[in-house]
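Chain residues, written in single-letter form:
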Amino acid sequence: MKANFVTDTATMCVFDIASLKHRLEDDADWWSIPDAELAEVNRGNVAFLNLGSDGKYSFTFAEEVQCPQVEVNLRVPSGRLFAGAAEEVTAEAFEPEAARGGMFIDIQPGEYTLRVSRDGNEISLSLHLAHGSNRNEFDSLIRI
C-alpha cells in the first residue's frame, strides 16, 4: 500500500482514531507543544514523525522495513489507523479525512510496533504485533 501526503508542519502521524478521542475538543495545535506530543507518543496513542521540512512525501506500508530508524509501540483499539500529515490529527471536533493525502488502514485491533525508515521523501512503514508494552520511553521528539 502506497500513498502520498503534503505537510506544512514537517510532520507525519500514524494513529488509531480511537486512541486520540480524548483530544477531540483540544486546540488544533495541541500536539505542537513538545510535552503534549511526547506524552501521547509515550502512551502509545500516536507516532509523530518529525520530517525536518515541509513538502510532499510518499510512504509505503510493507511487510518488513529493513534497518528501521525508529520503532514506536502503538495501541490499536479500533483497528482503524490513519497515516498522513500531522495537520489532520484529531482536534477541534475534527478527525482525519485524508484531505492532505495519506490513507486509512484497517487492521486487527491489538498492540503493534511500527517500524519506520526514510530515504529522502520516501518513508517505509511496517506494523508488527507487539509482544510487550504498548508504551514508549522516548525522552525527545521522534525525528527521521
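For the structure itself, consult the block above.
Residues numbered from 1 in each chain as written. Predicted model: local features only at pLDDT ≥ 70, side-chain atom pairs only at ≥ 80, totals over all residues. Heavy atoms only, no water.

Novice: Could you give an account of the sheet that holds strand S4 (residues 55-61), with specific residues and numbers?
Specialist: Taken in spatial order, the five strands line up as S1-S4-S9-S8-S5 in an open sheet, and their pairing is mixed. This sheet does not close on itself; its edge strands, each paired only once, are strand S1 (2-7) and strand S5 (70-76). Taken over all neighbouring pairs, the strand axes of this sheet differ in orientation by 30° on average, direction set aside. When strand S8 (residues 110-119) meets strand S9 (residues 122-129), the two strands line up antiparallel, connected through eight bridges. From the neighbouring strand, Arg 118 faces S9, where its bridge partner is Ile 123. (Pairing = 2+ DSSP bridges. Helix = DSSP H or I, 4+ residues; strand = E, 2+ residues; numbered from the N terminus. Axes fitted to C-alpha atoms, helices over the stretch in contact; angles between N-to-C directions.)

Novice: Describe the pattern of salt bridges, with residues and values.
Specialist: Within the structure shown, the criterion is met by 10 salt bridges. Here Glu 95 makes a salt bridge to Lys 21, at a shortest N to O gap of 2.9 Å. Of this pair, Glu 95 sits in the loop between strand S6 (80-85) and strand S7 (103-106) while Lys 21 is found in the loop between strand S2 (11-16) and helix H1 (34-42), placing the two residues 74 residues apart along the sequence. You can call Glu 95 partly exposed: its relative accessible area is 28%. Residue Lys 21 is classed as partly exposed on the basis of its relative accessible area of 42%. A salt bridge links Glu 87 to Arg 100, with the shortest nitrogen-to-oxygen separation between them at 3.4 Å. You can see Glu 87 sitting in the loop between S6 and S7 and its partner Arg 100 sitting in the loop between S6 and S7, a full 13 residues away along the chain. Note on Arg 100: relative accessible area 28%, which makes it partly exposed. Among the charged side chains, a salt-bridge network with shared partners connects Arg 23, Asp 26, Glu 40 and Arg 43. (Salt bridge = Lys/Arg side-chain N within 4 Å of Asp/Glu carboxyl O. Buried < 20%, exposed > 50% of the residue type's maximum accessible area, 1.4 Å probe, protein only.)

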